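Structural characterization, general
What follows is each chain in one-letter form.
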Amino acid sequence: MTLDEFKMAIQVLQEPAASEVRAKYILQFINTQHEFYINVISKPKQFSDGICYEGYLWDCLRQPFTIITFADFIRDLVGHDQVFAFWDVHSRDRILVPDYWHFPKSAALSGPAKIIAENLNYLPEDTYICDNSFSWTLIATHEMDYKRNERVYVRAGETG
Amino acid sequence: VLPIFRADLVSQTDLQYTQAGAKTKEISLGHPPGGVSSHTYAHINFFTKEGIKGTIQIKPF
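Keep in mind that what you see is a predicted model, and the values were worked out from it rather than measured.

1. Description of helix 4 (residues 70-78) of chain A
All names here are of chain A. For helix 4, the complete set of buried residues consists of Phe73, Asp76 and Leu77. In an axial view of helix 4, the angular spread of the buried residues amounts to 100 degrees, which keeps them on one side of the axis. Looking at helix 4, the residues exposed on the side facing more than 90 degrees away from the buried face are Ala71 and Arg75. Contacts from the buried residues of helix 4 go to strand 4 (65-68), strand 5 (82-87), helix 5 (113-118), strand 7 (127-130), strand 8 (136-145) and strand 9 (150-157).

2. Things to note about the pairing of strand 7 of chain A
All names here are of chain A. Of the two faces of strand 7, both are covered, the one formed by Thr127 and Ile129 as well as the one formed by Tyr128 and Cys130. Inspection of the sheet shows strand 5 paired to strand 7 by 4 bridges, in the antiparallel sense. Directly across from Ala85, in strand 7, lies its bridge partner Ile129. As judged from the 3 bridges shared by strand 7 and strand 8, these two strands associate in the antiparallel manner. In the strand pairing of strand 8, Ile129 is matched with Leu138. Between strand 7 and strand 8, which pair antiparallel in sequence order, lie 5 residues; one of them, Phe134, sits at a positive phi of approximately 50 degrees.

3. Topic: the sheet that holds strand 9 of chain A
All names here are of chain A. The sheet built from 7 strands is open, its strands ordered 1-6-5-7-8-9-4 with antiparallel pairing. The sheet terminates laterally at strand 1 (11-13) and strand 4, the two strands that pair on one side only. On average, each strand axis in the sheet is inclined to that of its neighbour by 25 degrees, with strand direction left out of account. With 4 bridges joining them, strand 4 and strand 9 adopt antiparallel strand pairing. By the bridge assignment for strand 9, Phe65 is matched with Ala156. Each of strand 1, strand 5, strand 6 (108-112), strand 7, strand 8 and strand 9 is contacted by helix 2 (residues 17-29), which is oriented at about 90 degrees to strand 5, the strand it contacts most. The strands touched by helix 4 within the sheet are strand 4, strand 5, strand 7, strand 8 and strand 9, with strand 9 carrying the most contacts at an inclination of about 45 degrees.

4. Focus on the side chain of Lys53 of chain B
Tracing the chain through its elements places Lys53 of chain B in strand 4 (residues 53-57). Of note is the side chain of Lys53 of chain B, whose polar atom sits 3.0 Å from the side chain of Glu125 of chain A. Of note is the side chain of Lys53 of chain B, whose polar atom sits 2.6 Å from the backbone oxygen of His142 of chain A.

About the cut-offs
Residues numbered from 1 in each chain as written. Chains lettered and ligands numbered in written order. Predicted model: local features only at pLDDT ≥ 70, side-chain atom pairs only at ≥ 80, totals over all residues. Heavy atoms only, no water. Buried < 20%, exposed > 50% of the residue type's maximum accessible area, 1.4 Å probe, protein only. Helix = DSSP H or I, 4+ residues; strand = E, 2+ residues; numbered from the N terminus. Arc of directions from axis to C-beta. Contact = heavy atoms within 4.5 Å. Pairing = 2+ DSSP bridges. Axes fitted to C-alpha atoms, helices over the stretch in contact; angles between N-to-C directions. Polar contact = N/O pair within 3.5 Å; in protein donor to acceptor, adjacent residues only side chain to side chain.

Here is the structure:
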C-alpha cells in the first residue's frame, strides 16, 4: 500500500480530537508522577520545527507492562477492530532522519487495526496504539532487542 | 555482539561515524532507569552503512 493509499484508508485526527486521545492515553497508561515525566516530557521546548518534548511516553509507562515480540505485537493488534495510533511529539532537531514524519506530529490516526498493522513503516518508530476503551495498549519502540534482532515492543493493559 | 561504543566526546564519535559511514537517527538525553530501555545515558542512535542499528554514548552538552 502506498502512503497515499494508507492515508485514504485511515482517518487523521486533528485538534482537538488528537489531543483528547493523547490525554486519555496518558491518563490511563503513563505515570505522570514519574520524575522523568515531570522534569522532561511535561516540559516541551521550542525547537526549530515547533514545540516538542524530549523523551518518550514509554519511558514513564505504568507497571505492569510486558516486552513482547514483533510477531506478538502484530497478532495482538490485528485481533482488534478500530484503533488509534499516535507517536511522541519530537523535533527534527533530535530525530535527524529526512522525511521521518508522514503525518502532522501532533496528529493521531484512527483506522482499522489490520491497516495500521500493515503500514507501520509509514509511522514513527515509537508509536502507541490503543482503542477507544483505553484498556490496553501496544507500543512499538525504537529500542533494539539484540537477542531477538528486532525492535522492542511492549504490551500493557488488558490485552493478552 | 551488542554494538555499543563508548566515547567521551561527540567529536570523537563524529570521526568514528565518518569512517564507518554511519548515519545518525536521533539524539537522546537518555532514558530513565527501570524502564523499557537500558540506555540511561545521553546517546546517539545510528544506522551503520549496512543498516544495523546501534547506540553510542555521548557526553551530555
